[in-house]
Amino acid sequence: MVKRSLVFGMLLSVALLSVVLPAAGALAQDNRNLLESKESLYNNIYVYSQPPYVSMTFGHNRRIYTESMYNTHDDRDLPVEYTRYMTASLMYAKDVHAILEIGFGGGRTSWYLHRFLPNASVTSVELDPAVLELAKKYFGIRDEPNFQVVNRDGRLFLSESKDKYDIILIDAYRGPFVPFHLLTREFYQIVKDHLADGGVVAQNVEPSTMLFDSAVKTINAVFPQLDFYKADGNIVTVAYGGAERKAEDLAAIARDRDKAYGLRYSLTDMLNERRRIDISGGKVIDADAKILTDDFAPVETLKSIEKHNRKMP
C-alpha cells in the first residue's frame, strides 16, 4: 500500500477527514474461521466466519483485504462503514426509481438498498463469477423481483446498455486496486451518459492509493460538483452535474427520504459529515496530478505522480 501525497496528507486531514484504516483494505483478523477459499481468474477469494459476521476477502501480495461483511443475524446491517456512506447518494438523486452498482462483492450495499426500497430497480454488475457464487452461498443474496445481479465487466455493461439510472454506485476494488479502465475520463463520460435527469454517482475511493489525486481530478473533469464523506479509512465521493446541491436542500430531502424509506442509516446524520474542498486550488489535490484517460497507461500515471507520494516502510 502507498500513502497519499504529502500535500494531500497535511491539508485534507484538516479540511476533510482523519484517515485511520483503509476499509476496503483492512487486514483480516487471524482468529477468523476460514469457510472457503477460491482462486478465480481475477481474485484469490477467502470467506471467513467470525460469528455473527461472515466476511469476503481478497488476497493480494500476502495481504488480505476485506471486501464485504455480512451480519448473519441482521441482513439490513452494513458493518463496513463506507458502504453506509455510499447510500448518502439517496439524498442527492432527483428520483429513486433505478439504481446501478458496479462492483458487487458480497452484495451488502445493493441488498440494503433493495430491502429498504423494494419498489426501486436495483441492478449490480460483477466481473468475477466466483464472487457471485460465494455471495449467494454465504451472504444471504437471493433472486427477488427488482433485484438483479449481472456477471459482466461494468464498463462493457454500460457501453452496451440503453438504460438510465438515478444512482450509479462504483465500488469495484480488487484488493487495494480499482481496474484502471474504471478510472478514466472516458469511463466517467459513459457513466454520465447513463444517468437519468438529476442523477448522481457515488464512488468509494481509498485515499492511500497513489492514484487518489488523479482519480479525484478525473471525476471532476466530467462532474463539476463533488461532495466528500469520511468513512473510516475511505472517502466516498458523490459526483453530479449542474448547480451545487445546497445543504438546506439536501437536509429537506434527507428528512423526507429517511421517513419515506425507514432507512437504517439516517441520511440526515450522514449529511453532517459532508465536506466540499477546493479541487482547483492545488492545495489539497495536487495541481500536477494527471487526468486519467484511456490512452494514458497506468505505468505512466504511476511514474508521473511517484514524486508526490511516499511508500510505507
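Everything that follows concerns the structure shown earlier in this document.
So, how was this worked out
- Residues numbered from 1 in each chain as written.
- Predicted model: local features only at pLDDT ≥ 70, side-chain atom pairs only at ≥ 80, totals over all residues.
- Heavy atoms only, no water.
- Helix = DSSP H or I, 4+ residues; strand = E, 2+ residues; numbered from the N terminus.
- Contact = heavy atoms within 4.5 Å.
- Polar contact = N/O pair within 3.5 Å; in protein donor to acceptor, adjacent residues only side chain to side chain.
- Buried < 20%, exposed > 50% of the residue type's maximum accessible area, 1.4 Å probe, protein only.
- Pairing = 2+ DSSP bridges.
- Salt bridge = Lys/Arg side-chain N within 4 Å of Asp/Glu carboxyl O.

Before going further, it helps to spend a moment on the environment of Ser124. In this fold, Ser124 is placed in strand E6 (residues 121-126). Along the chain, Ser124 and Gly103 lie 21 residues apart, while their C-alpha atoms are 7.0 Å from each other. When near neighbours in sequence (up to four residues on either side) are disregarded, Ser124 contacts Glu101, Phe104, Ser110, Gln148, Val149 and Val150. Within polar-contact distance, the side chain of Ser124 engages the side chain of Glu101 at 2.7 Å. A distance of 3.3 Å separates polar atoms of two side chains, one belonging to Ser124 and the other to Ser110.

Across the nine residues that make up helix H3 (residues 108-116), a large majority, eight, are buried. Those residues of H3 that fall on the buried side of the exposure criterion are Arg108, Thr109, Ser110, Trp111, Tyr112, Leu113, His114 and Phe116.

Attention now moves to the sheet that holds strand E7 (residues 147-151). Sheet strands pair by backbone hydrogen bonding; their relative direction is either parallel or antiparallel. Read from one edge to the other, the open sheet built from eight strands follows the order E7-E6-E5-E8-E9-E11-E10-E12, with strand pairing classed as mixed. Because the sheet does not close on itself, it has two edges, and the strands there are E7 and strand E12 (274-275). Where strand E9 (residues 195-205) meets strand E11 (residues 234-240), five bridges bridge the pair, whose relative direction is antiparallel. Counterpart to Val205 in the pairing with E11 is Ile235.

This part is about the pattern of salt bridges. Under the definition given, this model contains 14 salt bridges. Where Asp75 meets Arg115, a salt bridge forms, and the shortest distance between an N and an O atom there is 3.1 Å. One end of the pair, Asp75, is in the loop between strand E4 (63-71) and helix H2 (81-86); the other, Arg115, is in helix H3, with 40 residues separating them in the sequence. The class of Asp75 is buried, set by a relative accessible area of 17%. You can call Arg115 partly exposed: its relative accessible area is 27%. A salt bridge links Arg276 to Asp227; the nearest nitrogen and oxygen atoms lie 2.5 Å apart. With Arg276 in the loop between E12 and helix H10 (298-305) and Asp227 in strand E10 (residues 225-231), the pair connects residues that are 49 residues apart, well separated along the chain. Residue classification places Arg276 among the partly exposed positions, given a relative accessible area of 34%. The exposure class assigned to Asp227 is buried, which follows from its relative accessible area of 0%.

Scope: geometric values only; no functional claims are made or implied.
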